[in-house]
Amino acid sequence: MPKSYKRMNLIRRFRILIKGKVQGVGFRPTVYRYAKELNLTGFVCNTGNGVLIEVEGEKNKIALFLNKIKKKPPQKSEIKDIEIKRIEVKKDDDFKIIKSKEEGKEVEISPDIATCKKCLKEVFNPQDRRYLFPFINCTDCGPRFTIIKKIPYDRKNTTMNEFIMCDECKYEYQDIFSRRFHAQPNCCFTCGPEVRLINSDGKELAKGVESIKKTAKFIEDGKIVAIKGIGGYHIACNAENKKSVEILRERKKRYDKPFALMARNVEIIKKYCFLNKEEEKVVKSWQTPIVLLRKKNKLLPYQIAPENNYFGFFLPYTPIHHLIFHFGGNLNVLIMTSGNFSEEPIIYEDEIAFKRLKDICDYFLTHNRKIYINCDDSVLRIFNKNIYFIRRSRGFVPEPIEIPYNSKNIILAAGADLKNTFAFVKNNKVILSQHIGDLENQISIESYKKSINLFKNILEIEPEIIVYDMHPNYFSSRIVKELFPKAERIEVQHHHSHILSCMADNFCKNEKVIGVAFDGTGYGIDGNIWGGEFLICDYKDFERVAHLKYMPLQGGEISIKEVWRIGVIYLYKIFGDSFLNLDIDFVKKIDIEKWEIIKKAVDNNINVYLNSSIGRLFDAVSAILNIRHKISYEGQAAIELEMKIKEEKKKSPYNYKVKKENNVYIIEPEMVINGIIDDLKNKKRMDVISYRFHITVSEIIKDICKILRDERNINKVALSGGVFQNIFLLNDTLRKLKREKFKVLIHRKVPTNDGGISLGQATYMGGRGSEWDLF
């Protein structure tokens, strides 16, 4: 035999560390199978850093082994890095899965995964021992993030530690050829959790499968049921039953905000909505988010999504969901709205659910598998064939976002007070939290604190730096200061955070961009309310170079909810007292007594805040057009204004004026409002006026960006802020900027609204540039 052949096949041993999303996705069993197929020895285990392998055998077989891992890893895994080091041969007799090693914490935790096809096949197979089992799972699906207490991801570190596997489940768990080989939540009827149905008085009506049968029947009969899922409680009713929908709205005191819909299958969604191939792919994905889809007809009750052209649809993602549709033969679409009150976190603890939802729900379908941390459903839409987040949560959290710089410090970004998420930075990764909600009540604040501590413990880190919004009254800022009093404190301006978030979302290096930050409210460095901002900025600093003209906002929060007040002040500032003589419906409906009080306050600067917010301009126009005088959920006036649009491509934008003061461009909206009033006087259709207003805003963005490019020689534009959830405005702005040869950045990995603020805060380099390394 040639010597070269002998050398090639000498026995070697390698230590391999695989990092990424590699725990809770069947990685160890896959590694085990590949090693056994090639007659290799050694071991595999979970560590805090990822999956650790020591493999021994012939060099060429080890090469094949590594190639199989790279080319055919578990379906739900994601390999980010592989470290390989040759070590001393140990002459093992076998390849084993060994107990996890408690080492440093750099592992990526898997999100919760929708029930896989193989499990569904078993759950509906009468010959299978898990026939109709409500907690079926395997290495390819089931709860992950919401049951984990700490890593490594082992059963003892999850809420499943209370359930001891029976002999059959244990055999599967240890069987290399089983799909449940080392599936941590593995269980069955004998050893797993149990569902039960109780009424609003706390009386138990049924247990086990019978409780799901009764639940389906109750929903078919028009009842409202709270259903415990993976990340919290949903409130469900039959979406095709108009009376049930109306009762739910009344009980929940949620009169207008659209409800999410869960369909039996994709074909049912296609009955009610248009669905392109990209939308269908995301709807059917293992993340199963709520996807906003354009309505096809009026077959479902108007009350589900009033004054809205879209439904938010998703598919069943837990065995319980599938079983409800199975037993509810007449159920095709369920309202499946979060079990909470407006903008609070989804309720996930049983006692709190019974206490707070008993006046809404007739029954509760619950179970005894504890949820360790709440996690609401993700909401998104498809824009230009890619995901565009409204809310990033279940199915996507806690997957990290890689950034183009390496932080030498552990950073905690507090996020905003509305649509809150927080974020930790470790090395070149930002780990965003699930959607927390608005930090305006004790429930949200406690959820915020618990979630921060969970992430801190899972990642085994202590923040050295806390970054937060410069708003002096933000709860998020106050809380992180209390939690981490020894950490260095850095504040960052709200709209700068928005643009940094968009830059980081696009893996943008530290360069100057034109940032367009349009939203409703953000605290400015001059103490006023900003929201119509053009910034020249990078990760370290920003310069405010243009903004919407300041207008008075009287009364603060009440004006944001009663948007007619904003509309009437716009008219007063433009037309003076003579606006009351305008022959338009809005003016005819004004409460003159209330207006006199507001006018006096504005004239005397009493409880008046100056604001440059585009979001408030949208509110004013919606009110002036008589679309919405008061809102019951955030952004409602602007959303309903957008929904009026029917594209009229021959129509032109309204005129507007820009003036320069102290090297800052001021966008004056008076001519825009004048144009709208003229159209109203001339009895122009509402859809035409809304269309013209929207294309005016996009025209302003394009024109200001052109001016700034000429002055600053910057060709990259980042669009961020809640106003860019307006898909018509986003599309028209993108089209115009690209036509002018701008490079345009929009969000893809985090929401453009305040849910993405924490990513921007996390990547802020102001005051500590030396703490970051460029790759």
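Residues numbered from 1 in each chain as written. Predicted model: local features only at pLDDT ≥ 70, side-chain atom pairs only at ≥ 80, totals over all residues. Heavy atoms only, no water.

A. A look at the overall build of the protein chain. Helix and strand counts for the protein chain come out as 24 helices and 31 strands. Computed over its C-alpha atoms, the radius of gyration of the protein chain comes to 28 Å, within 12% of the 28 Å expected for a compact globule of 775 residues. Based on the C-alpha atoms only, the size of the protein chain along its principal axes is roughly 100 × 65 × 50 Å. Every one of the 775 residues in the protein chain was classed for burial, and the buried ones make up 63%. Counting only contacts in the protein chain whose residues sit at least 6 apart along the sequence, the fraction spanning at least 24 positions is 72%. Surface accessibility of the protein chain: about 31,200 Å² in total, with carbon and sulfur atoms responsible for 47%. (Helix = DSSP H or I, 4+ residues; strand = E, 2+ residues; numbered from the N terminus. Rg over C-alpha atoms; globule rule 2.2 N^0.38 Å. Buried < 20%, exposed > 50% of the residue type's maximum accessible area, 1.4 Å probe, protein only. Contact = heavy atoms within 4.5 Å. Areas by Shrake-Rupley, 256 points an atom, 1.4 Å probe, with all protein chains shown as cover.)

B. Representation of the packing of aromatic side chains within the structure. Counting across every chain of the model gives 22 aromatic pairs. Here the aromatic residues Phe145, Phe422, Phe424, Tyr448 and Phe455 are joined through ring pairs into a cluster of three or more. Cation over ring: Arg544 sits above Trp530, and NZ or CZ is 3.8 Å from the ring centre. (Phe/Tyr/Trp six-rings, centres within 6.5 Å; stacked < 30°, edge-to-face > 60°. Lys NZ or Arg CZ within 6 Å of the ring centre and 35° of its normal.)

C. Spotlight on the packing of helix α19 (residues 614–624) against helix α22 (residues 686–712). Put simply, α19 and α22 touch, their axes get as near as 12 Å, and they point 160° apart. Judged by the angle between their axes, α19 and α22 are roughly antiparallel. Helix-helix and strand crossings are classified by hand; for α19 and α22 the assignment is right-handed. Seen from α19, the contacting residues are Leu617, Phe618 and Val621; seen from α22, they are Phe693, His694 and Val697. Here the residues of the contact of α19 with α22 are counted per class, giving five nonpolar, one polar and no charged. (Axes fitted to C-alpha atoms, helices over the stretch in contact; angles between N-to-C directions. Parallel < 35°, antiparallel > 145°, perpendicular 65-115°, else oblique. Left-handed = near helix turned anticlockwise from the far one by under 90°. Nonpolar A, V, L, I, M, F, W, Y, C, P; charged D, E, K, R; others polar.)

D. Structural view of helix α2 (residues 27–37). Counting buried residues in α2 gives eight out of 11 residues, a clear majority hidden from the surface. Those residues of α2 hidden inside the fold are in contact with β1 (11–23), β2 (41–47), β3 (50–58), α3 (59–71), β4 (78–87) and β5 (95–97). The positive-phi residue at the C-terminal boundary of α2 is Asn39, with phi of around 60°.

E. Quick peek at the pattern of salt bridges. Tallying each qualifying case throughout the model produces 52 salt bridges. Among the salt bridges present, the one from Glu54 reaches Arg13, with a minimum N-O distance of 3.0 Å. Here Glu54, found in strand β3, pairs with Arg13, found in strand β1; they are 41 residues apart in sequence, far enough to count as distant. Neither residue differs from the other here; Glu54 and Arg13 are each classed as buried. Close ionic contact of Lys419 with Glu634 constitutes a salt bridge, the shortest N to O distance being 2.3 Å. Note that Lys419 is positioned in the loop between β18 (401–413) and β19 (423–432) and Glu634 in the loop between α19 and α20 (636–643), a separation of 215 residues in sequence. Lys419 sits in the buried class, given a relative accessible area of 18%. The class of Glu634 is partly exposed, set by a relative accessible area of 46%. Here the residues in one salt-bridge network are Arg13, Arg15, Glu54, Glu56, Lys90 and Asp92, joined through shared partners. (Salt bridge = Lys/Arg side-chain N within 4 Å of Asp/Glu carboxyl O.)

F. Layout of the side chain of Asp505. Here Asp505 is to be found in helix α14 (residues 494–505). For Asp505, which is buried and forms no salt bridge, the nearest opposite charge comes from Lys749, at a distance of 5.2 Å. Engagement of the side chain of Asp505 in a polar contact is seen with the backbone nitrogen of Arg748, the distance being 3.0 Å. Among residues more than four places away in sequence, those in contact with Asp505 are His747, Arg748, Lys749, Val750 and Leu759. (Lys, Arg positive; Asp, Glu negative; His and termini not counted. Polar contact = N/O pair within 3.5 Å; in protein donor to acceptor, adjacent residues only side chain to side chain.)

G. Summary view of the pairing of β3. Taken across its nine residues, β3 has eight buried, putting it largely inside the fold. For β1 and β3, the ladder comprises eight bridges, and the chain directions are antiparallel. Bridged to Arg15 within β3 is Glu54. Counting the residues in the hairpin turn of β2 and β3 gives two residues. (Pairing = 2+ DSSP bridges.)

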